[in-house]
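# Coordinate analysis (summary)
Read off the chains here:
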Amino acid sequence: MGDLPDRKAMLIDRSLLLLLLAVLIQLWGLGAVYGTLAPSGRWAHFLARQSLWAAVSFMVLLTVWRVPFWVLLRHAPAAGVAALAVLLLLPWFGTRINGMAGWYQCLHWTVQPSELVKGFFLLFLTWALTRTAGRALWAAPVIAAYCFLILLQPDWGTAFVYALGGLGALYFGRASKRLLGLFAAGGALGMAAVAAAHPYMLRRIASFLNPALDPGGAGWHQHQFAIAAARGGWCGVKGEMAAWSAGFLPLSHNDSIYAAMTEMLGVLGAGLLLFLFAVWFWQWFRLAEICRAPERKLCIEASAAMVLLQTLLHIFVNLALVPPTGITLPLVSYGGSSMLGTMLMLAISLSAAREERLTLPEPTRRS
Amino acid sequence: MTRRHKLFLLLAAAALIVIGARHVYLAGPGGNELRREAARIAHFEGELSAIRGRILTADGQVAAWSERCYDLVWMDSAADPRRVEEIRAALLKQFFTGGAPERVPSPGTPVKYELTARELEVADALAQEFPELDIELRWERRHGENTPEVGTVRQVNGMERGVSGAELRYDAILRGTPGRYTVMLDRRSRWIDSTFRILTPSRPGKDVTLDPADLVKEEE
């Protein structure tokens, strides 16, 4: 019991540090959205909306943080199934943007449910992995169902993030190596089947492996990412001279924001953001380490793993290290759904840490 | 820290090293070829036309001068019929409310529409909304109403050159010296305005005052 005050203090310190770093990354993101859109003069509208989303997501975080984790977990199956239903109805009631039926529209606002429900997905998985008899056998169909519905949109990138997040949850949920291998193989087969059904995905992969195959078509985006990073050099080009961000990168304030930032800030600027992210994730995993209750620990680990893997995937795509796919950079890219979804995952982790702290017995005074 | 934690963070650290290496490669000599390609694709250098000098009569009247004009140009890139209608409707609403609808540019041939100062602002907003529309600058030579004929000019590479009369005779003095600019182009070869830089400013042409002997020559 001697480490009780320490553990309590550590839980508080790490939670606050985690929140502070998240806010710092959000502020960086606001600057990045401004920087990428300033050359085209379209920044005011986007910056105002993104600031509003940042404020809303912060309020949501503060609210969810106060909800006891056991309440969240008790409602996880219902919330998880509701999230599946929301995804299921997208093809009928959703709005199609860039050929993808992934949004619901309400007046002038569009929300992307696949980004918003990531927290519910992880809670559902945590519940399945800690509260059910079959554990991993329960979790695998949950992951498959989410991925399948997202692939129907079709949103290849987000489905991949869900698959990675699910794999991370299974890994931290102590699933056996055999089951992890089976899941990874099943996921790869599923992805291959989807790729076969959508020839443009095969073309992207083929162009990635052989850039000379179709440099003006399927390989075009990947090549622009590499050029943007190369133009940035060590210290970046002046904001108004960031031509690749302004005229070549697809959605430079969103799916290509890391490449756009690299062009403007160079290796040094990008390195600073990487450092911020590294400290943030380190603290997130350290928070999990302090928790003892398996369900709280798992939920924090799975959330950190999913956001980390999404961050790495975005950066890999933006440095042309993997075939291009549309993935946002958590807390940095423009988009309210992505921002809110990430803050919700963080809020659930903070709620788990709060409950861990509250359930610790009061230290007894030594005589 | 558990073994699974350590292994996961080790993999994340490996990914970070790959990212760092890729950054160093692209920022260093490995990115030279890409930077050259970027310059080849997007770097454009052009001539900055100089304003032509005025021609004055001996009593101080301005016989010829140049004015800056703007054209709204509809480039032929709107293949989608719905898009064509959208642009046509926007143009009709903004510029041809009381005019003849047959003047509305149609896709197929780029049609120019000279803009007044007020219309320029509207056109600028419209060009932001519709990338198919562009605004082009040109010089227009004007002549005084009660002044003698001083000759004609024609446009050569965006500059006005004297073709006849005093405009031709004093062309070397009037035409000025063009400057040079650089700008970067986007994937559709449109200017990225924020990247516009003047390398050498243009020098305006000098004014010429005609003496009575010149006017005799004009009449001859």
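Attention in this report is confined to the structure presented alongside it. (Residues numbered from 1 in each chain as written. Chains lettered and ligands numbered in written order. Predicted model: local features only at pLDDT ≥ 70, side-chain atom pairs only at ≥ 80, totals over all residues.)

### Concerning the overall build of chain B
As a reminder, the rule being used: A run of DSSP states H or I qualifies as a helix once it reaches four residues; a run of E qualifies as a strand once it reaches two. Both are numbered from the N-terminal end. Exposed residues have 12 or fewer other C-beta atoms within 10 Å of their own C-beta, buried residues have 20 or more, and residues in between are partly exposed; the C-beta atoms are placed from the backbone. Here, residue contact means that the backbone-derived C-beta atoms of the two residues sit within 7 Å.
Along chain B, the regular secondary structure elements total seven helices and 10 strands. Every one of the 220 residues in chain B was classed for burial, and the buried ones make up 20%. Of all intrachain contacts in chain B linking residues separated by at least 6 positions in sequence, the fraction that spans at least 24 positions is 65%.

### As for the packing of helix H7 (residues 118-131) of chain A against helix H15 (residues 294-318) of chain A
Residue and element names in this part refer to chain A. Heads up, the rule is: A fitted line through C-alpha atoms represents every axis, and for helices the fit uses only the stretch in contact; the resulting angles, taken between N-to-C directions, go from 0 to 180 degrees. Each angle receives one of four descriptions, namely roughly parallel if under 35 degrees, roughly antiparallel if over 145, roughly perpendicular if within 65 to 115, and oblique otherwise. Note: crossing handedness is left-handed where the near helix turns anticlockwise from the far helix by less than a right angle, and right-handed where it turns clockwise.
Running from N to C, H7 and H15 point in directions that differ by 140°, and their axes come no closer than 9 Å. Judged by the inter-axis angle, H7 sits oblique to H15. Helix-helix and strand crossings are classified by hand; for H7 and H15 the assignment is right-handed. Within the contact between the two elements, H7 uses Lys 118, Leu 122, Leu 123, Leu 125, Thr 126, Leu 129 and Thr 130 and H15 uses Pro 294, Glu 295, Leu 298, Cys 299, Ala 302, Ser 303 and Met 306.

### Re the nonpolar core
Stated formally: Definition of nonpolar core: a set of buried Ala, Val, Leu, Ile, Met, Phe, Trp, Tyr and Cys residues joined via C-beta atoms within 7 Å.
Counting residues in each nonpolar core, the largest one holds 120 residues, and the members touching the most others are A:Leu123 and A:Leu125. Beyond its immediate chain neighbours, meaning those up to four positions away, A:Leu123 contacts A:Leu72, A:Leu73, A:Ala76, A:Ala79, A:Gly80, A:Cys299 and A:Ile348. With nine residues, the next largest nonpolar core counts B:Ile55, B:Ala166, B:Val208 and B:Leu210 among its residues.

### Digging into the interface of chain B and chain A
Heads up, the rule is: By the convention adopted, Pro, Cys, Tyr, Trp, Phe, Met, Ile, Leu, Val and Ala count as nonpolar, Lys, Arg, Asp and Glu as charged, and the other residues, Gly among them, as polar.
On the side of chain A, 30 residues touch chain B, which itself brings 27 residues to the contact. Of all the secondary-structure elements, those providing two or more residues to the side of chain B that touches chain A are helix H1 (3-27), helix H2 (32-42) and strand S9 (191-200) of chain B. It is H1(B) that contributes the most residues to the side of chain B that touches chain A, 14 residues altogether. Its residues assigned to classes, the side of chain B that touches chain A shows 16 nonpolar, five polar and six charged.

### Points about the sheet that holds S9(B)
Residue and element names in this part refer to chain B. In plain terms, the rule: Two strands pair if DSSP finds at least two bridges between them.
Here we have three strands laid out as an open sheet, ordered S1-S8-S9, and antiparallel in their pairing. Taken across any chain shown, the strands that pair with only one partner, and hence form the sheet edges, are strand S1 (43-48) and S9. Strand-to-strand twist across the sheet, computed as the mean angle between neighbouring axes with direction ignored, equals 30°. Direction of pairing for S1 relative to strand S8 (residues 179-185): antiparallel, over a ladder of six bridges.

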